[in-house]
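# Structure at a glance
Chain by chain, the residues run as shown.
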Amino acid sequence: MTFRKSTNDRARQAFALAVLSTLSLAAGAAIAAPDSITQKPFGTAPGGQKVSLYTLTNRSGMVVKITNYGGIVTSILVPDRNGKLGDVVLGYDNVAGYIKGSPYFGALVGRYANRIAKGKFTLNNKTYTLAVNNGVNHLHGGKIGFDKKVWMASPVRVSNGVGLSLNLHSADMEEGYPGNLAVHVVYSLTNDNALKIVYTATTDKATVLNLTNHSYFNLNGAGSGTVLDQTMMINASRYTPIDKTSIPFGLLAPVAGTPFDFRRPHAIGARINMANLQLKNGAGYDHNFVLNHTGNSLVLAARAYSPKTGRVLTVSTTEPGVQLYTGNFLDGTNIGKGGKAYNKRGAFCLETQHFPDSPNQKAFPTTTLRPGQVYRQTTIDKFSTR
Ligand code: BGC
């Protein structure tokens, strides 16, 4: 399906309908065309809802697969330096894999990505209690976070590519968070091999919000060994050191002279085993970096590179922080796509976000969203080779 350039609403609607009718005619078969979006069944959610897998293909042949269960990006197929496509994210072949137990592979995480200390925060003089699901802390939205919800999905026109729009209503006090929240996420696969994620949300009561996408990347291909030889650059002069339960102390510490200095690219594994209290607290890298960023414009966050395949991932974001997590808790028990085991350090995550535990940390940028305000985030994962 080739897209026309028109951007008015009617054209957008016509496009969505054309896609949908093609989908029902083609019954999930791939559409032989320069750029396309197809839909096929992906299984049944625990609540009995049938969920789908959407396959987005751009004009360069890059493919991104997304399910409306958890808004999960299940596959990203990008060329290596010889033009060979490889799947660079960890995930499962069907929804059952994600339900059985997934450490948030590829998911949309909310309401609060990362941790809230002891599962408590106070807003407008009222204390809210959340699920404690990670040691003594609250992690990634609680027991049934956005990663386990069935989102309403529809294909959309985007400039220079194909998109999938996802909507979720999160009810007042769901998982202990106040406010009816309307969340809207648009994934766009553009023809320059970028996956763009635009998040917006509104609430009817003051609440806290921190959304991210939790893709696990391995630029050599999912399930093909560790990422320790892949290089990383992070555009951050400071990071937020953590205690042994992974809650930030509240200070923004300089990376200079520490294993957290990724300002110049180097192998992820180069310093990961150094004797360092912070690396011990995170069991490796599992830390929030304070991006060199003023305001909320799009800024370069990180760049990863595989010397073996030549694949480069460049992440830009409007968020103030990025969590580098190096798959420290993967242990080979997650058997993913094509029966491949995902071992320790078999992936890295670059979770663009507000800082962990911000609702309890006065010095951190606020994560409070009030009625009348619009939460906005844009993150772009751009792929290239060299
Ligand atoms: C956290 C890790 C956690 C991982 C999977 C990351 O965002 O910081 O500690 O193990 O997500 O849940």
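One can find the structure itself at the top, above this paragraph.
Quick summary incoming for the structure in this document. Along each chain, residues carry numbers from 1 onward, in the same order as the chain's sequence is written. For this predicted model, a pLDDT threshold of at least 70 governs which residues receive local features, and a threshold of 80 or more governs which side-chain atom pairs are given and counted, while totals over whole chains, interfaces and linings are taken from all residues. Think of the side-chain values as coming from all heavy atoms in the structure, minus any hydrogens and water.

## Here's the deal with the sheet that holds strand 1 (residues 36-44)
Taking strand neighbours across the sheet as the criterion, the five strands line up as 1-2-3-4-5 in an open arrangement whose pairing is antiparallel. The sheet is open, and its two borders are formed by strand 1 and strand 5 (85-87), each paired with just one other strand. For this sheet, the mean angle separating the axes of adjacent strands, direction not counted, is 20°. Pairing between two strands requires that DSSP report at least two bridges joining them. The secondary structure listing takes helices from DSSP runs of H or I that are at least 4 residues long and strands from runs of E that are at least 2 residues long, numbered from the N terminus. Here strand 2 (residues 50-57) pairs with strand 3 (residues 63-67) via five bridges, running antiparallel. Residue Leu53 lies in a different strand from strand 3, and its bridge partner there is Thr67. Between N-to-C directions, angles cover 0 to 180 degrees, with each direction set by a line fitted to C-alpha atoms, over the stretch in contact for helices.

## A closer look at the sheet that holds strand 24 (residues 321-325)
The five strands lie next to each other as 19-18-21-24-27, forming an open sheet whose pairing is antiparallel. The sheet is open, and its two borders are formed by strand 19 (253-254) and strand 27 (349-353), each paired with just one other strand. In the sheet, strand 21 (residues 286-291) pairs with strand 24 via five bridges, with the strands oriented antiparallel. Each residue of the ladder has a partner; that of Val290, found in strand 24, is Gly321.

## A few points about the site of the ligand
One heavy atom suffices: a residue is near a molecule or strand as soon as one of its heavy atoms comes within 4 Å of it. Surveying the vicinity of the ligand reveals 13 residues, the closest of which are Arg115, His140, His214, Asp286 and Glu351. Take Asn114: an N or O atom from its side chain is 3.2 Å from an oxygen atom of the ligand. With residues, only the protein chains shown are counted as cover, and all accessible areas are computed by Shrake-Rupley using a 1.4 Å probe. Contact with the protein chains hides 94% of the accessible area of the ligand, taken as 310 Å² for the molecule alone. In this structure the site holding the ligand corresponds to the second largest pocket. Any pair of N or O atoms that falls within 3.5 Å is considered a polar contact. Within protein, one atom must be able to donate a hydrogen and the other to accept it, and sequence-neighbouring residues count only if both atoms are side-chain atoms. A cavity here means a set of 1 Å grid points, computed over protein atoms only, where a 1.4 Å probe fits but cannot escape. A pocket is an open set with protein on both sides within 12 Å along at least 5 of 7 lines, and lining residues have an atom within 4 Å of a point. Grid points define the cavity or pocket, and a molecule sits in it when more than half of its atoms lie within 2 Å of them.

## Observations regarding the nonpolar core
In this text, buried Ala, Val, Leu, Ile, Met, Phe, Trp, Tyr and Cys residues form a nonpolar core when linked through side-chain atoms within 4.5 Å. To sort residues, take the accessible area from a 1.4 Å probe on protein chains only and compare it with the maximum for the residue type: under 20% means buried, over 50% means exposed, and anything in between is partly exposed. Formed by 58 residues in total, the largest nonpolar core has its most connected members in Ile76, Met232, Ile234, Phe289 and Phe348. By definition, residues are in contact when any of their heavy atoms lie within 4.5 Å. In this structure Phe289 touches Ile234, Ala236, Arg238, Tyr239, Val255, Phe260, Phe262, Pro320, Gly321, Val322 and Leu324, once residues within four positions along its chain are discounted. Ala45, Tyr92, Tyr98 and Ala222 belong to the second largest nonpolar core, which has 19 residues in total.

## Describing the environment of Lys308
The topology assignment puts Lys308 in the loop between strand 22 (299-305) and strand 23 (311-317). Its relative accessible area of 62% is what places Lys308 among the exposed residues. Spatially, the C-alpha atoms of Lys308 and Leu219 are 8.8 Å apart, while their sequence positions differ by 89 residues. Setting aside anything within four residues of it in sequence, one finds Lys308 in contact with Arg81 and Asn220.

## Let's talk about the pattern of salt bridges
By salt bridge we mean one thing: a side-chain nitrogen of Lys or Arg within 4 Å of a carboxyl oxygen of Asp or Glu. Counting across every chain of the model gives six salt bridges. Measuring nitrogen to oxygen at the nearest pair gives 3.4 Å for the salt bridge that ties Arg59 to Asp35. Here Arg59, found in the loop between strand 2 and strand 3, pairs with Asp35, found in the loop between helix 1 (9-26) and strand 1; they are 24 residues apart in sequence, far enough to count as distant. Taking the relative accessible area as the measure of exposure, Asp35 reaches 0% and is therefore buried.

## Quick notes on the layout of surface pockets
Within this model, the largest pocket holds a volume of roughly 490 Å³. Lining the largest pocket we find 25 residues, and of these Asn296, Glu319, His354, Thr366 and Arg376 sit closest to its centre. Within the residue set of the lining of the largest pocket, elements represented by two or more residues are strand 21, strand 28 (368-369) and strand 29 (375-385). Considering each element in turn, the lining of the largest pocket owes the most residues, four residues, to strand 29. Each residue gets one of three labels, nonpolar for Ala, Val, Leu, Ile, Met, Phe, Trp, Tyr, Cys and Pro, charged for Asp, Glu, Lys and Arg, and polar for the others, Gly among them. In terms of residue class, the lining of the largest pocket is built from 10 nonpolar, 12 polar and three charged. Around the second largest pocket sit 17 residues that line it, and Pro103, Leu139, Tyr216, Tyr325 and Phe329 are the ones nearest its centre. Grid points are joined across faces, edges and corners, and a volume is the space filled by probe spheres set on the points.

## Overview of empty space enclosed by the protein
It is a probe the size of a water molecule, rolled over the atoms, that shows where empty space is left. Tallied over the full model, the rule gives two cavities of 30 Å³ or more. If you add up the space inside the largest cavity, you get close to 80 Å³. Ile197, Tyr199, Thr212, Asn213, Ser215, Phe217, Val315, Leu350, Thr352, Thr379 and Asp381 are the residues that line the largest cavity. Sorting the residues of the lining of the largest cavity by element identifies strand 14 (194-203), strand 16 (212-214), strand 27 and strand 29 as the ones contributing at least two each.

## Considering the packing of aromatic side chains
Classification of ring pairs uses Phe, Tyr and Trp, with its six-membered ring standing for Trp, and accepts pairs whose centres are within 6.5 Å; under 30 degrees between planes counts as stacked, over 60 as edge-to-face, and the remaining range as tilted. Summed over the entire model, instances satisfying the criterion amount to 19 aromatic pairs. Look at Phe105 and Tyr216: their rings are 4.8 Å apart centre to centre, the planes differ by 85°, and that puts the pair in the edge-to-face class. You can see Phe105 sitting in the loop between helix 2 (95-100) and strand 6 (107-109) and its partner Tyr216 sitting in the loop between strand 16 and strand 17 (231-234), a full 111 residues away along the chain. Of the two residues examined, Phe105 and Tyr216, each falls in the buried class.

## Focus on the pairing of strand 17
Covered by surrounding structure in strand 17 are Thr231 and Met233 together with Met232 and Ile234, the residues of both alternating faces. As paired elements, strand 17 and strand 20 (residues 266-267) share two bridges and run antiparallel to each other. Within the sheet, the bridge partner assigned to Met232 lies in strand 20 and is His266. Two strands pair when backbone bridges link them, and strand 17 and strand 22 are joined in this way by four bridges, in the antiparallel orientation. Each residue of the ladder has a partner; that of Ile234, found in strand 22, is Ala302.

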